[in-house]
Amino acid sequence: MTRVTASSAPAGLSYGSAPWGASFVQWIASQDNALQADLAAYWLDATARIMLPERSVYCHYLQNQQGEIVLLLPLVHHNGVLAPRFSLLTSFYASLGCFYGNTEPTLVQGLLQHIFGHWRCCSIELAPLAEDASDTCAVLGATTVFNAVCFERFVNYYQPINSDFAGYIAGRPALLRHTLKRKQKKIAALGGETRLYQTVAELQQQLVHFHQVYQHSWKQPEYSSRFIDEVCLAAASCGDVRLGLLTLQQQVIAAQIWFVRGGVASIFKLAYNAEFAHLSPGTVLTAAMFQQVIDIDAVSCVDYGMGAEAYKADWMACKRRRIGILLFNLRSVSGWLSWCRHALPRLLLGRTIR
């Protein structure tokens, strides 16, 4: 690892930074078992390799005297005219980001101060974050120090699970339950069948059906099919992916990709063939996926990702906001310019939440 410095570090610790690489993937993989899929090492690695320019991702860390990482923050370095700006390693395919390791406030705040001081970046954008997470609270506790503004990134629907599937579905709106019952009966009468796949070998054969259905859906073309395939196969090697296909007369008419990790089922991709909309295949397949993750995988929560679309409220009882935090280096001209460009409009438009 390179760029190691001991400036301002707590006793017995030192700061460092290095380009994203296999050693960091392995370290995060050793830390992330309790985290949902889009925080997993395989997800970050696919993001860094596929979604971002080469060598634009750096890991900033705090390590002990034995060279063991204590706290790590992966950031994307964006070139600027006067100074670089940094952002959390994530993409529009992820609904959450975080620090990794010991998120004690003094360590989190110290690492951020070091990054500003050592790299002379004008700003750091941390988003999306869980509002109640320990690392988020650590940053929010020092908003004045970092001249930070906090804003809502998006709404996240979710469903805590405290019963079996029968109990869960009984609590859904009557219109959804009645529609589901009718369409399940009709699809079954036509020979419809739902199948779930989760091994690497199965995904290698069946992912093509997801892409075919997606192409015949109402949705815009996927930005990166390669990212979807690679992250699904990597997740399958850990047992984390659930690919659901609804087939009617040997034709796949609906497909969904969910991830199960850390007790959370994350709904990732949904699509159905628009020609079969009258059968509500998406609704029928969603119910089958819920039954799988509740009764078989025994998750404690189902997360519907980004967006406040009205239909999500039929399946989810709760919603929360995912936030972003913009931190600025006002000791430099570029920091002031960045503040004026990014923070001032949010303040004037009333889009900050703290």
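Figured I'd write up the structure that's included with this text.

**Observations regarding the environment of leucine 35**
Part 1 of the argument: Its place among the elements puts leucine 35 in the loop between α1 (22-29) and α2 (41-51).
Part 2 of the argument: On a C-alpha basis, the gap between leucine 35 and serine 224 in space is 24 Å, while along the polypeptide they are 189 residues apart.

**Describing the packing of helix α7 (residues 200-215) against helix α8 (residues 225-237)**
Part 1 of the argument: For the pair α7 and α8, the least separation of the axes is 10 Å and the interaxial angle reads 150°. One way to sum up the angle between α7 and α8 is to call them roughly antiparallel. Here the hand of the crossing between α7 and α8 comes out right-handed. Each of Val200, Leu203, Gln204, Leu207, Phe210 and His211 in α7 lies in contact with α8, whose residues at this interface are Ser225, Ile228, Asp229, Cys232, Leu233, Ala236 and Ser237.
Part 2 of the argument: When grouped by side-chain class, the residues that make up the contact of α7 with α8 number eight nonpolar, four polar and one charged.

**A closer look at the pairing of strand β10 (residues 251-261)**
Part 1 of the argument: Of all the eleven residues making up β10, ten are buried; the element is thus mostly covered by neighbouring parts of the structure.
Part 2 of the argument: Of the strand pairs in this sheet, strand β9 (residues 241-248) and β10 are connected by eight bridges, and their pairing is antiparallel. By the bridge assignment, arginine 242 is partnered in β10 with tryptophan 258.
Part 3 of the argument: Taking the residues between adjacent antiparallel strands as the criterion, β9 and β10 are bridged by two residues, where glutamine 249 takes a positive phi near 50°.
Part 4 of the argument: As defined by bridge partners, β10 adjoins strand β11 (residues 264-272) across eight bridges and the pair is classed as antiparallel. Bridge pairing in β11 links glutamine 256 to leucine 270.

**Notes on the packing of aromatic side chains**
Part 1 of the argument: For the structure shown, the criterion picks out 20 aromatic pairs.
Part 2 of the argument: On the numbers, 5.8 Å between centres and 75° between planes, the contact of tryptophan 43 with phenylalanine 227 is edge-to-face. One end of the pair, tryptophan 43, is in helix α2; the other, phenylalanine 227, is in helix α8, with 184 residues separating them in the sequence.
Part 3 of the argument: The exposure class assigned to tryptophan 43 is buried, which follows from its relative accessible area of 2%.
Part 4 of the argument: Relative accessible area serves as the criterion here: at 0%, phenylalanine 227 is assigned to the buried category.
Part 5 of the argument: With a centroid separation of 5.4 Å and an interplanar angle of 65°, the aromatic rings of tyrosine 58 and tryptophan 119 are classed as edge-to-face. Of this pair, tyrosine 58 sits in strand β2 (residues 57-64) while tryptophan 119 sits in helix α3 (residues 105-119), placing them 61 residues apart in sequence.
Part 6 of the argument: Since its relative accessible area comes to 15%, tyrosine 58 is described here as buried.
Part 7 of the argument: Take tryptophan 119: its relative accessible area is 15%, and that puts it in the buried class.

Parameters at a glance
Residues numbered from 1 in each chain as written. Predicted model: local features only at pLDDT ≥ 70, side-chain atom pairs only at ≥ 80, totals over all residues. Heavy atoms only, no water. Helix = DSSP H or I, 4+ residues; strand = E, 2+ residues; numbered from the N terminus. Axes fitted to C-alpha atoms, helices over the stretch in contact; angles between N-to-C directions. Parallel < 35°, antiparallel > 145°, perpendicular 65-115°, else oblique. Left-handed = near helix turned anticlockwise from the far one by under 90°. Contact = heavy atoms within 4.5 Å. Nonpolar A, V, L, I, M, F, W, Y, C, P; charged D, E, K, R; others polar. Buried < 20%, exposed > 50% of the residue type's maximum accessible area, 1.4 Å probe, protein only. Pairing = 2+ DSSP bridges. Phe/Tyr/Trp six-rings, centres within 6.5 Å; stacked < 30°, edge-to-face > 60°.

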